[in-house]
Each structure stands twice: as structure tokens, then as C-alpha cells.
Amino acid sequence: MNHLSRKGRVLRAIDHQPLDRVPKGELCIDDRVVGAWLGIDVTEHHHRRQFAEDLGMDLICLAAQYPEPCRFDRLPDADQVGFADIDRWSRETDFFVFVLVDGAFGWGVRCWGFEQFVLKVAKKDPAIATLNRQVEALNTTLAQRVAARGAAGVVLADDIAYNNGLIISPQMLRRDFFPAIARQVQRFHAFGLRAFFHSDGNLNQALGDVVAAGFDGLQCIEEAAGMDLARVRQDHGPRLCLWGNLDPVFVTENLEPGAVEAKVKEVVAAAGDGCGFIFGTSSGLFRSVRPDLVARAYRAAETPAVRGQTPLCGPPY
């Protein structure tokens, strides 16, 4: 197989097509992790690029930079929202560029606080419908703009679950949130963007809704919250590209020799040896992460013992 570009490798993973190796990347990367890897105090774009290249990443995910504070009666205008160095990433590199935007659930918690937000949902407060319309309009405009600037995908982040299950009932999610989410996904696709959903926690009760909303992929798949990568792949793999799953404990703590490599092989094998899969942590790379352990994990995802000697994927099954 001819060598694939980084962007091409991610696209083929999303489409369940043959690959030369498992693509890799993170939902977020703290600048302090980059600084620790390079031995610097101030991190700029070329340092972030070097870090991603050193580790063999294939994608970059740029979080929306929203103004503060949040106003419950009005979300920011799209002109107030930025994505750091999006033009440089999309035009000067071959990384697959995702942008990360917040969904209505996240906005509701941020603007009203968790208890007040959940209470409004339970009481069928009309403010929830207003919030959904505002988030839908904002994210649609942002998606259109980043597509014009070379982004290739959108990650819609909404932490709708915790370790033991969904924060609100599946029925409430279907009533108040998934219709607006599905419309956003449809518009992302219309702009030529691939759409992923992100949530921490145990999403098992909502996975069917994520698929029905039209997402191309799911990011996180938190093992510590009871998410079984192999089971998710078995049930939804034909329609979702799965991204993440490595528990951050394997890149933050000193474990016995070989533990990182063994876990990576387990993760990739559970994902079907890479078919429709992007390797990364379930959490992103936060301050406590050790970049040397991340590098070990990423190298392990490329070894012939993991990759095998034949293409990783066939057509969607």
C-alpha cells in the first residue's frame, strides 16, 4: 500500500477503508505537556506542531475559544469564537484538523450551573428549547466558517454521562437534545465535515441515539466508566469510527515494565486491529500526563505485532 498522508489516513479510518497503520491523535493537548517534551517554558505553534510530528500523530483537534463569562440569555456571536492557528494547521500541514465545539448540554451547565440546568430540563422549561436553537445556530455558523478555512471535521462535545450512566434519562435526551444534535450533524456534513460525538462517562444507553443522529465517529469510550471498546465495536462499529479508549493512567503513572505496550495492544485488538479506529487516550493529554509514556504508547500502536502484515481494514462490514 502506498504511504498515506496524515489526513488521508484519518479519512480512511473514518470510512473503514484499508490502512497502512492505525491513525493516532488526541482530543486536546495541554501546552505544558508539549513544554515538558521539548524542555521549553513558552509554547508556540511550531512547538505544538513539532510535538505532534515527534509522536506520529495524524490529527489535531482545536478547541473553540469562547469569550467569558457565559450569559444565560445569549450565547457568544460566532465572530467572538476563535480556533488557535487553524489556518496554519490546515494550510501548512497535512494533519486532519478537527475543531471542538460545545453542545447544548455543556452550555446549559456552564450558564446555569448543573443543578439549575437539570431542573429546567426536568420541568420542561421553555428556556431549554431556546438554548438548543442558539447552540444549533452558533455551531452551524462555526462549522461553515471552519470548513472554509480548511478544517476537515467537527467534534461535538457534550458530557451527558458520568461513570454510572446518563446524567438525565434517555427519554429526556431524545426529547430535548438529540433532535437539535441531528440537525447539526446534517449541516456539518453539508459543509463537507466529518462529525464525531464526545462525552465522558458511560454512554451505553445513548449509543443508539448517537448513531441515529448521523455521527461518523465517537470519541472517548471511557473504560473506567464501563465502556467496553470491543462491545461498542461489535454493536456499532459498522456505523461509527471509534477514537480513544486508552485509560490516562497508562500515560500518567509508573507501572510495571511493558504495561503500557501490553495495554495498547489490547486496545487496538479490541478495536478490531484498527478497522474504523483512531488510537488515543480517552481523556486527551492534560497537565499530569507524562509525554515519554505517551510516546511509548504511540510507538506501541505502530509495532508489527499490533499492526500485522496485511491491511487493517476492509470495506464496511
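Rules used throughout
- Residues numbered from 1 in each chain as written.
- Predicted model: local features only at pLDDT ≥ 70, side-chain atom pairs only at ≥ 80, totals over all residues.
- Heavy atoms only, no water.
- Buried < 20%, exposed > 50% of the residue type's maximum accessible area, 1.4 Å probe, protein only.
- Helix = DSSP H or I, 4+ residues; strand = E, 2+ residues; numbered from the N terminus.
- Arc of directions from axis to C-beta.
- Polar contact = N/O pair within 3.5 Å; in protein donor to acceptor, adjacent residues only side chain to side chain.
- 1 Å grid on protein atoms, 1.4 Å probe; cavity = no way out; pocket = protein on both sides within 12 Å on 5 of 7 lines; lining within 4 Å.
- Points joined across faces, edges and corners; volume = space filled by probe spheres on them.
- Nonpolar A, V, L, I, M, F, W, Y, C, P; charged D, E, K, R; others polar.
- Core = buried A, V, L, I, M, F, W, Y, C linked by side-chain atoms within 4.5 Å.
- Salt bridge = Lys/Arg side-chain N within 4 Å of Asp/Glu carboxyl O.
- Pairing = 2+ DSSP bridges.
- pLDDT = per-residue confidence, 0-100.
- Contact = heavy atoms within 4.5 Å.
- Phe/Tyr/Trp six-rings, centres within 6.5 Å; stacked < 30°, edge-to-face > 60°.
- Lys NZ or Arg CZ within 6 Å of the ring centre and 35° of its normal.

Residues and numbers for helix 11 (residues 229-236), please.
Considered for burial, the residues of helix 11 that qualify are Leu229, Val232 and His236. The buried residues of helix 11 all sit within an arc of 65° when viewed along its axis, so they share a single face. For helix 11, exposure combined with an orientation more than 90 degrees from the buried face picks out Arg231 and Gln234. With a side-chain oxygen lying 3.0 Å from the backbone nitrogen of alanine 230, the N-terminal cap of helix 11 falls on aspartate 228.

Give a detailed account of empty space enclosed by the protein, specifying residues and quantitative values.
Under the criterion given, the structure shown has one cavity of 30 Å³ or more. Its volume calculated, the largest cavity comes out at about 30 Å³. Forming the boundary of the largest cavity are 10 residues, of which Arg233, Leu242, Ala271, Cys275 and Gly276 lie nearest the centre. Split into classes, the residues belonging to the lining of the largest cavity amount to six nonpolar, three polar and one charged.

Any details on the nonpolar core? Residues and values, ideally.
Ranked by size, the top nonpolar core spans 84 residues in total, and within it Phe83, Ile160, Phe177, Leu203, Phe215, Phe277 and Phe279 carry the most contacts. Residue contributions to this core peak at seven residues, all from helix 7 (residues 126-148). Leu27, Leu59, Ala152 and Ala157 belong to the second-largest nonpolar core, a separate cluster that totals 18 residues.

Please provide a residue-by-residue account of the pattern of salt bridges, values included.
Close approach of charged atoms lets side chains of opposite charge pair. Under the definition given, this model contains 26 salt bridges. With a shortest N-O distance of 2.5 Å, arginine 6 and aspartate 94 are connected by a salt bridge. Taken together, the residues arginine 6 in helix 1 (residues 6-14) and aspartate 94 in the loop between helix 4 (86-92) and strand 2 (96-102) connect sequence positions 88 residues apart. Aspartate 94 sits in the partly exposed class, given a relative accessible area of 31%. Residue arginine 88 pairs with glutamate 92 through a salt bridge whose shortest N-O separation is 3.7 Å. Linking arginine 88 with glutamate 92, this pair stays in helix 4, spanning four residues, or about one helical turn. Take arginine 88: its relative accessible area is 37%, and that puts it in the partly exposed class. A relative accessible area of 45% places glutamate 92 in the partly exposed class. Here the residues in one salt-bridge network are Arg9, Asp20, Arg21, Lys24, Asp58 and Glu302, joined through shared partners.

Summarise the pairing of strand 3 (residues 153-157); cite the residues concerned and give the values.
In terms of burial, strand 3 is largely enclosed, as five of its five residues are buried. By the alternation rule, side chains of strand 3 split into Gly153, Val155 and Ala157 and Val154 and Leu156, which are all buried. In this structure, strand 2 lies alongside strand 3, joined through five bridges in parallel fashion. When the sheet's bridge partners are listed, valine 99 is paired in strand 3 with valine 154. Here strand 3 runs beside strand 6 (residues 194-198); their pairing, made up of five bridges, is parallel.

Tell me about the confidence of the model for the protein, and please be specific about residues and values.
Averaged over all residues, the pLDDT of the protein equals 93, while 93% of them reach at least 70. Low confidence marks residues 304-312, where pLDDT is under 50. Its contacts with residues over four positions away, or in another chain, come to 21 contacts.

Any chance you could break down the environment of alanine 270 for me, citing the residues and the numbers?
For alanine 270, the location among the structural elements is in helix 12 (residues 259-270). Sequence-distant contacts of alanine 270, that is, excluding residues within four places in its chain, are made with Leu229, Ala230 and Arg233.

Tell me about the packing of aromatic side chains, and name the residues and values.
Under the definition given, this model contains 13 aromatic pairs. Note on tryptophan 37 and phenylalanine 51: the rings are 6.2 Å apart at their centroids and 80° apart in plane angle, and the pair reads as edge-to-face. With tryptophan 37 in helix 2 (residues 31-38) and phenylalanine 51 in helix 3 (residues 45-54), this residue pair connects regions lying 14 residues apart in the sequence. Ring geometry for phenylalanine 279 versus tyrosine 298: centroids 5.7 Å apart, planes at 70°, classification edge-to-face. Taken together, the residues span a long stretch of sequence, with phenylalanine 279 in strand 9 (residues 277-281) and tyrosine 298 in helix 13 (residues 291-300) at a distance of 19 residues. Here phenylalanine 279 and tyrosine 298 have matching classes, each one buried. Cluster of aromatic residues (ring-pair linked, three or more members): Phe96, Phe98, Phe196 and Trp243. The cationic tip of arginine 6 hangs over the ring face of phenylalanine 95; the distance from NZ or CZ to the ring centre is 4.4 Å. Positioned over the ring face of tryptophan 107 is arginine 110, at 4.3 Å from the centre of the ring.

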